[in-house]
Amino acid sequence: MHDHDHCGHDCHHAHGPQHIYIYSPSSAVRDKAAFKRGIARLKALGHEVEVDPDALATHTRFAGDDATRLAAIHRAAASGADVALISRGGYGLTRILPGIQYKQVAKAIARGMKFVGVSDFTAFQSAVLARTGATTWAGPALTADLGVQGEPDDIMLACLDDLLTGHGEGSGWRMNAEKPLPDGRPAVRDIYVKQAQLWGGNLAVLCSLVGTPYFPQVKGGILFLEDVSEHPYRVERMLTQLLHAGVLAQQKAVVLGQFTNYQLAPHDKGFKLQSVVDWLRTQIKAPVLTNLPFGHVPTKVLLPVGAQVSLSVEGRDALLYWGHAH
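Source: prediction; values computed, not measured.

Draft legend 1. Up close: the overall build of the protein chain. Scanning the protein chain from N- to C-terminus turns up nine helices and 13 strands. Whereas a compact globule of 326 residues would reach a radius of gyration of roughly 20 Å, the protein chain reaches 19 Å, a difference of no more than 12%. Referenced to the eigenvectors of the C-alpha coordinate spread, the extents of the protein chain come out at roughly 60 × 45 × 40 Å. Burial statistics for the protein chain: of 326 residues in total, 57% are counted as buried. Within the protein chain, counting contacts between residues at least 6 apart in sequence, those at least 24 apart form 81% of the total. For the protein chain, the exposed surface amounts to about 14000 Å²; the carbon and sulfur share of it is 52%. For the protein chain, the centre of its 31 positive side-chain charges and the centre of its 30 negative side-chain charges are spaced 7 Å apart.

Draft legend 2. The arrangement of the pattern of salt bridges in detail. All told, the structure shown has nine salt bridges when counted by the stated rule. Bridged by salt links that share partners, the residues Asp-52, Asp-54 and Arg-75 form one connected network.

Draft legend 3. Expanded view of the layout of surface pockets. As a volume, the largest pocket reaches approximately 310 Å³. Looking at the lining of the largest pocket, the element that brings in the most residues is helix H5 (residues 142-146), giving three residues. Class assignment of the residues belonging to the lining of the largest pocket gives a composition of eight nonpolar, five polar and four charged.

Draft legend 4. Main features of the environment of Leu-280. Within the fold, Leu-280 resides in helix H9 (residues 273-283). Sequence separation between Leu-280 and Thr-240 is 40 residues; the distance between their C-alpha atoms is 8.6 Å. Once residues lying within four places of it in the same chain are set aside, the contact partners of Leu-280 are Leu-239, Leu-248, Val-254 and Val-288.

Draft legend 5. Main features of the environment of Thr-94. Along the chain, the position of Thr-94 falls in the loop between strand E3 (83-86) and helix H3 (102-110). Separated by 42 residues in the primary sequence, Thr-94 and Thr-136 place their C-alpha atoms 17 Å from one another. Not counting residues up to four positions away in its chain, the partners in contact with Thr-94 are Ala-123, Ser-208 and Leu-209.

Draft legend 6. Molecular detail of the sheet that holds strand E7 (residues 191-202). If you walk across this open sheet you meet the seven strands as E6-E13-E12-E7-E8-E9-E10, and the pairing is mixed. What marks the edges here is a single partner per strand, and that holds for strand E6 (170-174) and strand E10 (288-289). Here strand E12 (residues 308-314) runs beside strand E13 (residues 317-321); their pairing, made up of five bridges, is antiparallel. Along E13, the bridge assignment pairs Leu-311 with Leu-320.

Draft legend 7. Quick look at unusual backbone geometry. Residues other than glycine seldom take positive phi values, yet Gln-195 does so here, at roughly 55°. With respect to the secondary-structure elements, Gln-195 resides in strand E7. Note on Gln-195: relative accessible area 42%, which makes it partly exposed.

Draft legend 8. Quick peek at the pairing of E7. The buried count for E7 comes to nine of 12 residues, which makes it a mostly enclosed element. By the bridge criterion, five bridges tie E7 to E12 in an arrangement that is antiparallel. By the bridge assignment, Val-193 is partnered in E12 with Leu-311.

Draft legend 9. The sheet that holds strand E2 (residues 48-51), seen in detail. If you trace the six strands from one edge of the open sheet to the other, you get E2-E1-E3-E4-E5-E11, paired in mixed fashion. The outermost strands of the open sheet, each flanked by one partner alone, are E2 and strand E11 (303-305). Within this sheet the neighbouring strands show an average axis-to-axis angle of 30°, counted without direction. One ladder, built from four bridges, connects strand E1 (residues 19-23) with E3; its direction is parallel. Among the inter-strand pairings, Tyr-23 is bridged to a residue of E3, identified as Ile-86. Its contacts with the sheet put helix H2 (residues 66-78) on E1, E3 and strand E4 (114-117), and the angle it makes with E1 is roughly 175°. Packed onto the sheet, helix H4 (residues 121-132) meets E1, E3, E4, strand E5 (136-138) and E11 and runs at close to 145° relative to E4.

Draft legend 10. Molecular detail of the pairing of E6. Within E6, four of the five residues are buried, leaving the element largely enclosed by the surrounding structure. As paired strands, E6 and E13 are joined by five bridges and run antiparallel to one another. What sits directly across from Gly-172, in E13, is Leu-319.

The rules behind the values
- Residues numbered from 1 in each chain as written.
- Predicted model: local features only at pLDDT ≥ 70, side-chain atom pairs only at ≥ 80, totals over all residues.
- Heavy atoms only, no water.
- Helix = DSSP H or I, 4+ residues; strand = E, 2+ residues; numbered from the N terminus.
- Rg over C-alpha atoms; globule rule 2.2 N^0.38 Å.
- Buried < 20%, exposed > 50% of the residue type's maximum accessible area, 1.4 Å probe, protein only.
- Contact = heavy atoms within 4.5 Å.
- Areas by Shrake-Rupley, 256 points an atom, 1.4 Å probe, with all protein chains shown as cover.
- Lys, Arg positive; Asp, Glu negative; His and termini not counted.
- Charge placed at Lys NZ, Arg CZ, Asp CG, Glu CD.
- Salt bridge = Lys/Arg side-chain N within 4 Å of Asp/Glu carboxyl O.
- 1 Å grid on protein atoms, 1.4 Å probe; cavity = no way out; pocket = protein on both sides within 12 Å on 5 of 7 lines; lining within 4 Å.
- Points joined across faces, edges and corners; volume = space filled by probe spheres on them.
- Nonpolar A, V, L, I, M, F, W, Y, C, P; charged D, E, K, R; others polar.
- Pairing = 2+ DSSP bridges.
- Axes fitted to C-alpha atoms, helices over the stretch in contact; angles between N-to-C directions.

The structure is reproduced here in structure tokens:
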């Protein structure tokens, strides 16, 4: 696999058009044009798109009241679709986690359904993993990723296509260039982790689940994290919560994705995201990797949350590999 090839293309059995179910378990869709563009784009790619009857419902900031959004999740699970794709993230899933019929969701996944989403969807993914052990996919949302004006990101599209056709086998990326450690060793040593459970997602959402039945108890895992509009000190404070809760010490690696859309202040006096990374490395033995192409950014790979993966690092080149995660 080449360095620039974010998604593996190693197996060649096409599965034809896929049945994609669009639903809204979190915030209300405000950008109707992006919603329509996303659906049109999926149809243009040859897929059958089914839109949940309440996909455009609104109740204050939410896509319908709690009962409406729970019903949408259960309709998605019962739809027989190949992929259940969220319209958008925002906020809304944590408050309905007790009402989700996890057995129904797990049965749908066992039949081959892939639940895909990002951001607030971390709550659903974490809860499904904690309650059932089933795998979901961290990936795009309809409006923000497929509904963009102009062309969607080609790496995101390629990774989505890999998922839809059963070709996805891994994601490779180049980590940030970093100064060596004070003793001259590289910031990230060459490693190979074989078969560890991949989990994580949005840092703020994940932290909101600590101490609840919806927080996965993963030992010896690979934890990936991203966030948006969170100043580096807030990112550090959330990482401190996971650290003090004993979560970080149990991981084989921590993989940082994209942390975007924040502004440093004069008060920071040089404190920045790299300061947080440097600090984290003094707190845990596990390697802390950077620059995973995932988060609130156009270029995002798809990651199997809950699946067994392998991780290799050679110099600045990192590779997460899961083989055939069908």
